[in-house]
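An overview of the molecular structure
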Amino acid sequence: DAGVIQSPRHEVTEMGQEVTLRCKPISGHNSLFWYRQTMMRGLELLIYFNNNVPIDDSGMPEDRFSAKMPNASFSTLKIQPSEPRDSAVYFCASMPGGGGTEAFFGQGTRLTVV
Amino acid sequence: KQEVTQIPAALSVPEGENLVLNCSFTDSAIYNLQWFRQDPGKGLTSLLLIQSSQREQTSGRLNASLDKSSGRSTLYIAASQPGDSATYLCAASKDNYGQNFVFGPGTRLSVLP
């Protein structure tokens, strides 16, 4: 398996524009997570899906953020409208599910909002 | 609310030295604890996973220990190499689904040749 695949790797957009980040989890993994990493706040969990269903979105910072998982092999994180303070690295991770398993991270998307 | 801290924030050692990275967590009711490695501009790679019922895990030159009662975990790296240079993060999970992973800020390790 190629691991967790995220696209794009880098995104530069203007304030107010819509941004969509994409993630393909490892085949067979039941759980998918979106994280955001900044220098100030470190790694923060945004939302978690289990079997394509959003379980916990309490980490989503504002209504401007939304995430979907239409099937087991694809998820999106959308920011609309984007703001400069959204600039960060966004990671997607997947886990096989069940007890005590490792989390596998994608390479991340570096988002810059100018 | 679980809080995870790591000390030191940065560490620089000469090649060949043995070293210890520290991770502390405030809530001892954890399900497991993972150590990750992050290279600049890259994602996180899982190094070791310790279940709450375990005391330690070993992989090659890496050994991670867990003391739930004291809220501490350590990552021991033997015979460090320049290729070990990276940021090391620990994450405490409250359940087996991982959504309550709380990450520490990381320790940035530099191993000098």
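A quick note: this is a predicted structure, and the numbers were derived from the prediction, not measured. (Residues numbered from 1 in each chain as written. Chains lettered and ligands numbered in written order. Predicted model: local features only at pLDDT ≥ 70, side-chain atom pairs only at ≥ 80, totals over all residues. Heavy atoms only, no water.)

1. A few points about the pattern of salt bridges
Residues and elements named next belong to chain A. Applying the stated criterion across every chain, the model contains 10 salt bridges over all chains. When the shortest N-O distance is used, the salt bridge between Lys 78 and Glu 18 registers 3.8 Å. One end of the pair, Lys 78, is in strand 8 (residues 74-79); the other, Glu 18, is in the loop between strand 2 (10-13) and strand 3 (19-24), and 60 residues separate them in sequence. Of the charged contacts in the structure, one is a salt bridge between Glu 62 and Arg 85, with a shortest N-O distance of 2.7 Å. Of this pair, Glu 62 sits in the loop between strand 6 (53-56) and strand 7 (65-71) while Arg 85 sits in the loop between strand 8 and strand 9 (88-95), placing them 23 residues apart in sequence. Among the residues examined, Arg 85 registers a relative accessible area of 55% and is labelled exposed. (Salt bridge = Lys/Arg side-chain N within 4 Å of Asp/Glu carboxyl O. Helix = DSSP H or I, 4+ residues; strand = E, 2+ residues; numbered from the N terminus. Buried < 20%, exposed > 50% of the residue type's maximum accessible area, 1.4 Å probe, protein only.)

2. Focus: the nonpolar core
Grouped together as the largest cluster of nonpolar side chains are 22 residues, with contacts concentrated most on Leu 33, Trp 35, Leu 75, Ile 77, Tyr 88 and Leu 109 of chain B. Every element with two or more residues in this core is listed here: strand 3 (19-25), strand 4 (32-38), strand 5 (44-51), strand 7 (62-67), strand 8 (72-77), strand 9 (86-93) and strand 11 (107-112) of chain B. Every residue in contact with Tyr 88 of chain B, bar those within four places of it in the chain, is listed here: Gln 6, Leu 21, Phe 36, Arg 37, Leu 47, Leu 75, Ile 77, Gly 106, Thr 107 and Leu 109 of chain B. In terms of nonpolar packing, the next biggest core, distinct from the first, is built from 21 residues, Val 4, Leu 21, Cys 92 and Val 113 of chain A among them. (Core = buried A, V, L, I, M, F, W, Y, C linked by side-chain atoms within 4.5 Å. Contact = heavy atoms within 4.5 Å.)

3. Comments concerning the state of the cysteines
Residue and element names in this part refer to chain A. For the structure on display, the rule yields two disulfides over all chains. Here Cys 23 engages in a disulfide with Cys 92; their sulfurs sit 1.9 Å apart. Disulfide Cys 23 to Cys 92: torsion about the S-S bond roughly -65°, handedness left-handed. One end of the pair, Cys 23, is in strand 3; the other, Cys 92, is in strand 9, with 69 residues separating them in the sequence. (Disulfide = S-S within 2.5 Å.)

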